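Analysis of the macromolecular model
Read off the chains here:
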Amino acid sequence: MPAKQVLIVGGGSAGWMAAAYLDAALNRDGRHVVDISLVESPEVPRIGVGEATVPHINHILAVVGINQHEFMRRVDGTFKQSIRYVGWLHGRSEFYHHPFTRYRPTPLDHSGLRWLESNRSIPFTETVSAQPVICELGLAPQMLGPWDFGAPLTYAYHMNAQKFADYLCELSTARGVRHLRDHVVEVELEENGDIAAVKTRGGERLEAELYIDCSGFAALLIEKALGVGWVDCSKWLLCDRAVTMHVPYERHYPGYVRPYTTATALSAGWVWEIPLQDKRSLGYVHASAFVDDEAAERELRSFEGPHAESLDARVVPFKVGHREKVWVRNCIAIGLAGNFIEPLESTGLYLSDLATVLLAEHFPYRGDMTPLRYRFNRIMANRFYEILDFINMHYCLTQRGDTAFWREVRQPSRIHERLQAKLDYWRIKPPSPSDFEDMFLPGQPDMPLPTAGTPGDHRSPIDNGRLFGVDSYEAILYGMDFLREECARWYGEQRPPTRVAQVVAQRLAAAPQKLPPHDMWLQRSSGMPRYGAATAANR
Ligand SMILES: Cc1cc2nc3c(=O)[nH]c(=O)nc-3n(C[C@H](O)[C@H](O)[C@H](O)COP(=O)(O)OP(=O)(O)OC[C@H]3O[C@@H](n4cnc5c(N)ncnc54)[C@H](O)[C@@H]3O)c2cc1C
């Protein structure tokens, strides 16, 4: 069988992840089944802001054959074990963690219920996971020598996404992926409406059987050529811009590298703090209807402190939503061309990564693509709404009323009906694993997907819980004080003190002897330079 011709348009992290993964996953065991070319404009920069990931990234790295140490060196990577949410509930310095690792007693896990019955003297996730305290202690999730600290700690990475794309480009081209630096100016269609070729400013006419649109928000193929609509979701997630800034350690090293992402709520959104090996990346994700860019930039500078005054800031507009279908005809949109949800739970790269992995599984080697397209679109839509609900929940449970933005996000009209059904159900019965069986709870709206391209499929999207399951929901719900009033009624005001699971306490007692400080791990295992601690105030 001749190799299938695939053309990827766009060389951001989505484009290069697709190129590297498809090549590694499909052209293996001596087979050569796809010929991959990637065209990338020298005129249009990638988004790349300094990004946080979720543990799924480890799958891509493993399949592409990337060694962890080398990866971290190449992308200025650091470990991410949790997201620390600051000020989301009351707008003060209160915080909670959403860690990746959770202890689950078998066969029955009642830790959520036990916590609800207790006096909440210890934050929920600290009772079921050692990772929040490991994070607060600034420890790495890996040892310097061989691992002998029991069950592994789950982690993802913070990385420079520009360098990630460059690294994947280098690997892929060395393995045979063709790379062109040229600007696409036209997309030619067949009579039947399929894409026939793309034309470039440099005079090339590039033909393929399958086209992958990774052109970012420009969406050159899927939208401009094929006219596939965008389903806007800004009603539930109000933020539409970020002011970003890099704080180089040469100028200001706070004295440590946090092994987690911080998301601090500000007046009209939140700011990410992503530690890399050479700098911290900051971004104030905000809603332009509530704060303009200049005021947002001032707020970000004042959040960071006086040393931020001389640093450059950049505004990155974005839109939250998804294509009606991400795979239409012979074109698949991956990355920002296909969908985007604001970066609160670091799901941007994940959605590109998921689409790439799914495409390898549903690759159209032969015959009719229709059934493959249908399944691919259905799964991507399921996952999009699973993430949308989850991010929506972070906002709508706030008790802040100090600014118009925080008053607005609590309004019933800003809560997706799917999420509202979950919250209503969990006020009757707190979340438990079986809720995630098909994630269609009483009161959930009928919401047939535009992806229902197969006769008879009128189903709403469902969560399969593989990305944000009961552990994640409990972390956010209880971090945001969900069911406080109900528990006072159910269990009375005088309740037993909260207890930490014994296994968690034992792990924590041993952690400082076993796990090195995060920056020490990075210096010894990943070549991070030593910086002098700055005198400016540490937060
Ligand atoms: C504010 C913000 C913060 C984010 N934070 C995170 C995070 O913390 N974690 C996370 O996982 N994700 C995050 N993301 C998402 C992440 O940045 C994207 O998912 C990722 O960069 C993929 O982008 P992309 O490759 O689709 O698009 P881009 O990076 O925009 O790349 C587009 C590519 O298309 C090319 N192109 C455009 N026009 C043409 C043309 N005419 N001809 C040829 N080529 C063309 C460009 O040259 C470029 O190579 C964030 C996104 C934003 C907006």
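Every value quoted in this text rests on a predicted model; they were computed, and no experiment measured them.

This part takes up the overall build of the protein chain. Scanning the protein chain from terminus to terminus reveals 17 helices and 22 strands. Taken over the C-alpha trace, the protein chain has a radius of gyration of 23 Å; the compact-globule value for 539 residues is 24 Å, and the two agree within 12%. Counting only C-alpha atoms, the protein chain reaches 75 × 60 × 50 Å along its principal axes. In the protein chain, buried positions account for 58% of the 539 residues. A separation threshold of at least 6 residues defines the contact pool for the protein chain, and within that pool the share at least 24 residues apart is 78%. Carbon and sulfur atoms make up 50% of the accessible area of the protein chain, which amounts to about 21,800 Å² in all. Between the mean site of the 58 positive side-chain charges and the mean site of the 65 negative ones, the protein chain shows a separation of 3 Å.

In a regular helix each residue adds 1.5 Å, so 12 residues correspond to 16 Å; helix α13 (residues 417-428) covers 17 Å between its end C-alpha atoms and thus fits that length. The set of residues buried in α13 consists of Arg418, Leu419, Ala421, Lys422, Leu423 and Trp426. Packing partners of the buried residues in α13 comprise α11 (370-396) and α14 (470-479).

The backbone phi angle of Ala219 is positive, close to 45°, even though this residue is not glycine. With respect to the secondary-structure elements, Ala219 resides in the loop between β12 (210-213) and α8 (220-225). According to the relative accessible area criterion, Ala219 is buried, its value standing at 0%. The phi angle at Arg329 is positive, at roughly 50°, despite the residue not being glycine. Following the sequence through the fold, Arg329 ends up in the loop between β20 (327-328) and β21 (331-333).

It is the contact of helix α1 (residues 13-26) with helix α2 (residues 57-64), at a shortest axis distance of 8 Å, that shows an interaxial angle of 55°. Judged on the interaxial angle alone, α2 and α1 are oblique. In the crossing of α1 with α2, the sense of the turn from one axis to the other is left-handed. Taken together, the residues of α2 that come into contact with α1 (itself represented by Met17, Ala20, Tyr21, Ala24 and Ala25) are His59, Ile60, Val63 and Val64.

In this section: the site of the ligand. Surveying the vicinity of the ligand reveals 30 residues, the closest of which are Val44, Ile47, Glu51, Ala52 and Leu349. At a separation of 2.3 Å, an oxygen atom of the ligand approaches a polar side-chain atom of Glu51. Computed on the free molecule, the ligand has an accessible area of 990 Å², of which 97% lies beneath the protein chains in the complex. Looking at the shell around the ligand, the elements with two or more residues in it are α1, β3 (51-52) and α10 (348-361). Residues of the shell around the ligand, tallied by class, amount to 15 nonpolar, 11 polar and 4 charged.

Turning next to the sheet that holds strand β4 (residues 78-80). If you trace the 3 strands from one edge of the open sheet to the other, you get β3-β7-β4, paired in antiparallel fashion. Because the sheet does not close on itself, it has two edges, and the strands there are β3 and β4.

Evaluated as defined, the whole model comprises 36 salt bridges. Two residues, Arg102 and Asp471, come together in a salt bridge whose shortest N-O distance is 3.4 Å. Here Arg102, found in the loop between β6 (95-99) and α4 (111-117), pairs with Asp471, found in helix α14; they are 369 residues apart in sequence, far enough to count as distant. Of the residues examined, Arg102 reaches a relative accessible area of 16% and is grouped as buried.

Cut-off values and rules
- Residues numbered from 1 in each chain as written.
- Predicted model: local features only at pLDDT ≥ 70, side-chain atom pairs only at ≥ 80, totals over all residues.
- Heavy atoms only, no water.
- Helix = DSSP H or I, 4+ residues; strand = E, 2+ residues; numbered from the N terminus.
- Rg over C-alpha atoms; globule rule 2.2 N^0.38 Å.
- Buried < 20%, exposed > 50% of the residue type's maximum accessible area, 1.4 Å probe, protein only.
- Contact = heavy atoms within 4.5 Å.
- Areas by Shrake-Rupley, 256 points an atom, 1.4 Å probe, with all protein chains shown as cover.
- Lys, Arg positive; Asp, Glu negative; His and termini not counted.
- Charge placed at Lys NZ, Arg CZ, Asp CG, Glu CD.
- Expected span 1.5 Å × (residues − 1).
- Axes fitted to C-alpha atoms, helices over the stretch in contact; angles between N-to-C directions.
- Parallel < 35°, antiparallel > 145°, perpendicular 65-115°, else oblique.
- Left-handed = near helix turned anticlockwise from the far one by under 90°.
- Near = heavy atom within 4 Å.
- Polar contact = N/O pair within 3.5 Å; in protein donor to acceptor, adjacent residues only side chain to side chain.
- Nonpolar A, V, L, I, M, F, W, Y, C, P; charged D, E, K, R; others polar.
- Pairing = 2+ DSSP bridges.
- Salt bridge = Lys/Arg side-chain N within 4 Å of Asp/Glu carboxyl O.

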